[in-house]
Amino acid sequence: MFGTSSSLPISRRRLLAGASALALTVPVASSARAQSSALSEPPSQPEIAAVRLGLGGKTALYHLPLMLAEQLGYFKAEGLQVELQDHAGGGQVTQALVQGQADVAAGGFEHTIFLRQRGVPCQAFALYGRAPQIVLGVSTRVWPDFHGLYQLRGRRVGVSSLGASTHWLAQVVLARANMASDSVEFVSVGTGLAAVMALREGRVDALSNTDPAISALEFSGQLRVLSDMRSLRGTQDVFGGLMPGGCLYAPQDFVQRHPKTLQALTNAVVRALTWLQTAGPSDLVRVVPETYMQGDRAVYLAAFEKAREGFSPDGLFSEGGVRTAWRAVARYGHRTEALPPVGLSRLFYTNEFTQRAKQRFQT
């Protein structure tokens, strides 16, 4: 049922050599130069310059496009001062949004459906993850030989936070194996190094999380991957179709009252996604802060290559992907009677801002 190749330790010397070779073969800042002509068009003045953007796990590769927009000055170029509010996971992000502590949220698209179920209508307006980019794996120390998900019964499964995408997607994987969500104990462990240490120290027996934490454990042979939603194929295996991942979303009234602000945010994200299309290891090393790499540049670069396919190339939502998310929530979510028909899926997203940004930054 489960493959073994992903659980084998990878030679650190070979990993470092590969990353170094890649860094030498890719021109530095090639993608940034390709966009220089777009700067000649001045951006529209946003209604509000200071934007509070909540996200869970700022250093995770999951949010790489947002970090790039910040580090490369794309938010600033749009006349924005974006405060990236770092939370342990998506559960706290949605709470901050509902309580008015954040203007805009970044996280899994399914949150727009869950929030509407709670009577908080939100709309997603920029997609930066076309796959969930989340992995569920088990500790090889606890299970040198793992045979099936049934072995997780009564065990502790680490997630970034309760209510986050890592939590919900782990529940989806369990449900597909006919296991109730209460058959395991879900434990909030955060992301990054905190998640790595939770598994290494035995505080959890399995982990649902993002890169680079997953790759650090996988490459050291401490984690055996069971479900990998970093790739499009792995996502389709779980959901039966494409499932949108990380995106920007905001309450409906904020979307209606601040269209220029949302356009500025979308411009910055689409520009970062365009940069990513041709970026190589040397570009990442130049831009990504060393602290984000958690002391291991080689693992970070290798993790990026694994996650690369999961980033959206253009920021657009597809109707098929939104329908997949709607069906998944209807099947694995709660209070499904509150969901509208699939034909009304445009309540959850708009491509209006992204299409304008594409005209400006992409050929």
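Placed above this text is the structure.
These remarks concern the structure in this document. (Residues numbered from 1 in each chain as written. Predicted model: local features only at pLDDT ≥ 70, side-chain atom pairs only at ≥ 80, totals over all residues. Heavy atoms only, no water.)

A closer look at the sheet that holds strand β4 (residues 122-127)
Here is step 1: Strand order in the open sheet formed by 5 strands is β2-β1-β3-β10-β4, with mixed pairing between adjacent strands. With one partner strand each, in any of the chains shown, β2 (81-87) and β4 form the two edges of the open sheet. Along the sheet, successive strands turn relative to each other by an average axial angle of 30 degrees, direction set aside.
Here is step 2: With 7 bridges joining them, strand β1 (residues 50-56) and β2 adopt parallel strand pairing. Across the sheet, residue Gly54 finds its bridge partner in β2, namely Gln85.
Here is step 3: On the sheet, helix α12 (residues 259-278) packs against β1, β2, β3 (104-108), β4 and β10 (246-251) and is oriented at approximately 35 degrees with respect to β4. (Pairing = 2+ DSSP bridges. Helix = DSSP H or I, 4+ residues; strand = E, 2+ residues; numbered from the N terminus. Axes fitted to C-alpha atoms, helices over the stretch in contact; angles between N-to-C directions. Contact = heavy atoms within 4.5 Å.)

Some details on the nonpolar core
Here is step 1: Judged by nonpolar contacts, the single largest core of 47 residues is most densely connected at Leu53, Leu64, Val104, Phe125, Leu248 and Leu265.
Here is step 2: Per-element accounting of this core gives the leading share, 9 residues, to α12.
Here is step 3: Ignoring anything within four residues of it in the chain, the contact list for Leu265 reads Val51, Leu53, Phe75, Leu80, Val82, Val104, Phe125 and Leu248. (Core = buried A, V, L, I, M, F, W, Y, C linked by side-chain atoms within 4.5 Å. Buried < 20%, exposed > 50% of the residue type's maximum accessible area, 1.4 Å probe, protein only.)

As for the sheet that holds strand β8 (residues 206-209)
Strands belonging to one sheet form pairs held by backbone hydrogen bonds; the direction of such a pair is parallel or antiparallel.
Here is step 1: In space, the 5 strands of this open sheet follow the order β7-β6-β8-β5-β9, with mixed pairing throughout. The open sheet is flanked by β7 (185-188) and β9 (223-228), the only strands paired with a single partner. For this sheet, the mean inter-axis angle between neighbouring strands, taken without regard to orientation, is 25 degrees.
Here is step 2: Against the sheet, helix α8 (residues 192-200) touches β5 (135-139), β8 and β9, its axis set at about 165 degrees to β8.

A look at the packing of helix α7 (residues 165-176) against helix α10 (residues 232-239)
Pairs of packed helices are described in terms of their axes, by the angle between the two and the distance that separates them.
Here is step 1: Viewed as axis vectors pointing N to C, α7 and α10 meet at an angle of 55 degrees, and their least axial separation amounts to 10 Å. The pairing of α7 with α10 is recorded here as oblique in orientation. In this structure, α7 contributes Trp168, Leu169, Val172 and Arg176 to the contact, and α10 contributes Asp237, Val238 and Phe239.
Here is step 2: A breakdown of the residues in the contact of α7 with α10 according to their chemical character gives 5 nonpolar, no polar and 2 charged. (Parallel < 35°, antiparallel > 145°, perpendicular 65-115°, else oblique. Nonpolar A, V, L, I, M, F, W, Y, C, P; charged D, E, K, R; others polar.)

Brief notes about empty space enclosed by the protein
Empty space among the atoms becomes visible once a probe the size of a water molecule is rolled across them.
Here is step 1: Under the definition given, this model contains 2 cavities of 30 Å³ or more.
Here is step 2: Every residue lining the largest cavity is counted, 17 residues in all, and those nearest its centre are Gly56, Tyr62, His63, Gly90 and Ser160.
Here is step 3: When contributions to the lining of the largest cavity are tallied by element, the ones reaching two or more residues are β3 and α7.
Here is step 4: Examining the composition of the lining of the largest cavity, we find that 3 residues originate from one element, β3, more than from any other.
Here is step 5: Counted by class, the lining of the largest cavity contains 5 nonpolar, 12 polar and no charged residues.
Here is step 6: Its boundaries defined by the atoms lining it, the second largest cavity holds a volume of some 40 Å³.
Here is step 7: Looking at the lining of the second largest cavity residue by residue, the classes come out as 6 nonpolar, 4 polar and 1 charged. (1 Å grid on protein atoms, 1.4 Å probe; cavity = no way out; pocket = protein on both sides within 12 Å on 5 of 7 lines; lining within 4 Å. Points joined across faces, edges and corners; volume = space filled by probe spheres on them.)

Description of the pattern of salt bridges
Here is step 1: Under the criterion given, the structure shown has 16 salt bridges.
Here is step 2: Glu218 is the partner of Arg230 in a salt bridge, and the nearest nitrogen-oxygen pair spans 3.3 Å. Of the two residues, Arg230 is situated in the loop between β9 and α10 and Glu218 in helix α9 (residues 213-219); the sequence distance between them amounts to 12 residues. A single burial state applies to Arg230 and to Glu218, both of which are buried.
Here is step 3: Sharing partners across several salt bridges, the network here consists of Asp211, Glu218, Asp228, Arg230 and Lys306. (Salt bridge = Lys/Arg side-chain N within 4 Å of Asp/Glu carboxyl O.)

Topic: unusual backbone geometry
Here is step 1: That bond from Asp211 to Pro212 is cis: its omega, 10 degrees, falls within 30 degrees of zero.
Here is step 2: In this fold, Pro212 is placed in the loop between β8 and α9.
Here is step 3: Even without glycine at this site, Gln133 takes up a positive phi of about 60 degrees.
Here is step 4: Counting through the fold element by element, Gln133 comes out in the loop between β4 and β5.

What about the packing of aromatic side chains?
Here is step 1: Taken as a whole, this structure holds 8 aromatic pairs when the rule is applied.
Here is step 2: Where Trp143 meets Phe146, the ring centres are 5.2 Å apart and the plane angle is 80 degrees; that geometry is what we call edge-to-face. With respect to burial, Trp143 and Phe146 carry one shared label: buried.
Here is step 3: Cluster of aromatic residues (ring-pair linked, three or more members): Phe109, Phe317 and Tyr349. (Phe/Tyr/Trp six-rings, centres within 6.5 Å; stacked < 30°, edge-to-face > 60°.)

A look at the environment of Gln92
Here is step 1: Note that Gln92 resides in helix α5 (residues 90-98).
Here is step 2: Gln92 gets classed as partly exposed once you look at its relative accessible area, which sits at 30%.
Here is step 3: Residues Gln92 and Gly56, 36 residues apart in the sequence, show an inter-C-alpha distance of 7.6 Å.
Here is step 4: In this structure Gln92 touches His87 and Ser161, once residues within four positions along its chain are discounted.

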